[in-house]
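# Coordinate analysis (summary)
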Amino acid sequence: MSAHRSTSPQQVADAARPVVLTAFRIVIGLLFACHGAASLFGVLGGAKGGGTVPFGQWPGWWAALIQLVGGTLVLLGAGTRVAALLCSGSMAYAYFTVHQEHALLPLQNGGEPSAMFCWAFLAIAALGSGPYALDRVLVRRPAATAAEPAARPTSAV
């Protein structure tokens, strides 16, 4: 009689983690890049319902540039951690300088997209690009397995 091994929900979730992380990175990057393209080029409905942000205008044009370039880099998984950290910071800046002056909470001040993007990009910066990214191809280092955590450099203090 052979022993039947059942797969636990935890094992299924652990096995799906690389694909889910990659899909999350791609979706967040795509949505963010679309915001930038709308503001810079007037596509997808344009900036604030139509039109574009004037070239060089602070902070709107620069935010849109970060959205387009940073979102595209995150989408592709190229320079993911740095790009995601820059995107997260730009959304934190947007939340505290544009939205929070109207009310404290995101539901009250219209800042839900800024808050969500900020935290999503912070998670991507912390977790990395996942196994299916240009970072893996460009850097050419072996990916760490779950049983073999990546060696972390130690710093001498």
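Above this text you will find the structure in question.
Reading the values: the criteria
- Residues numbered from 1 in each chain as written.
- Predicted model: local features only at pLDDT ≥ 70, side-chain atom pairs only at ≥ 80, totals over all residues.
- Heavy atoms only, no water.
- Helix = DSSP H or I, 4+ residues; strand = E, 2+ residues; numbered from the N terminus.
- Buried < 20%, exposed > 50% of the residue type's maximum accessible area, 1.4 Å probe, protein only.
- Contact = heavy atoms within 4.5 Å.
- Axes fitted to C-alpha atoms, helices over the stretch in contact; angles between N-to-C directions.
- Parallel < 35°, antiparallel > 145°, perpendicular 65-115°, else oblique.
- Left-handed = near helix turned anticlockwise from the far one by under 90°.
- Nonpolar A, V, L, I, M, F, W, Y, C, P; charged D, E, K, R; others polar.

### Some words on unusual backbone geometry
What you tend to see is this: most non-glycine residues have negative phi, and most peptide bonds are trans. For the peptide bond that leads from Trp58 to Pro59, omega is -10°, which places it in the cis range. Looking at where Pro59 falls in the secondary structure, it is placed in the loop between helix H1 (9-41) and helix H2 (60-76). Unlike most non-glycine residues, Leu44 shows phi in positive territory, near 55°. As for its position among the elements, Leu44 is in the loop between H1 and H2. Classification of Leu44 by relative accessible area gives exposed; the value is 63%.

### Considerations on the side chain of Ser114
Tracing the backbone through its elements, the reader meets Ser114 in helix H5 (residues 112-127). Apart from residues no more than four positions distant in its own chain, Ser114 is found in contact with Met91, Ala94, Tyr95 and His99.

### Details of the packing of H1 against H5
Following both chains from N to C, one finds H1 and H5 inclined at 135°, their axes separated by 11 Å at the closest point. It follows that H1 is oblique to H5 by the angle criterion. Two packed elements cross with a definite hand, and for H1 against H5 that hand is left-handed. Touching Leu21, Phe24, Arg25, Ile28, Leu31, Phe32 and His35 of H1 are Phe117, Ala120, Phe121, Ile124 and Leu127, all from H5. The residue inventory of the contact of H1 with H5, partitioned by class, reads ten nonpolar, one polar and one charged.

### Quick notes on the packing of H1 against H2
It is the contact of H1 with H2, at a shortest axis distance of 7 Å, that shows an interaxial angle of 150°. When the axis of H1 is compared with that of H2, the two are roughly antiparallel. In this structure, H1 crosses over H2, and the sense of that crossing is left-handed. Contact residues: H1 offers Arg25, Ile26, Gly29, Leu30, Phe32, Ala33, His35, Gly36, Ala37, Ser39, Leu40 and Phe41, while H2 offers Trp61, Ala64, Leu65, Ile66, Gln67, Leu68, Gly71, Thr72, Val74, Leu75 and Leu76.

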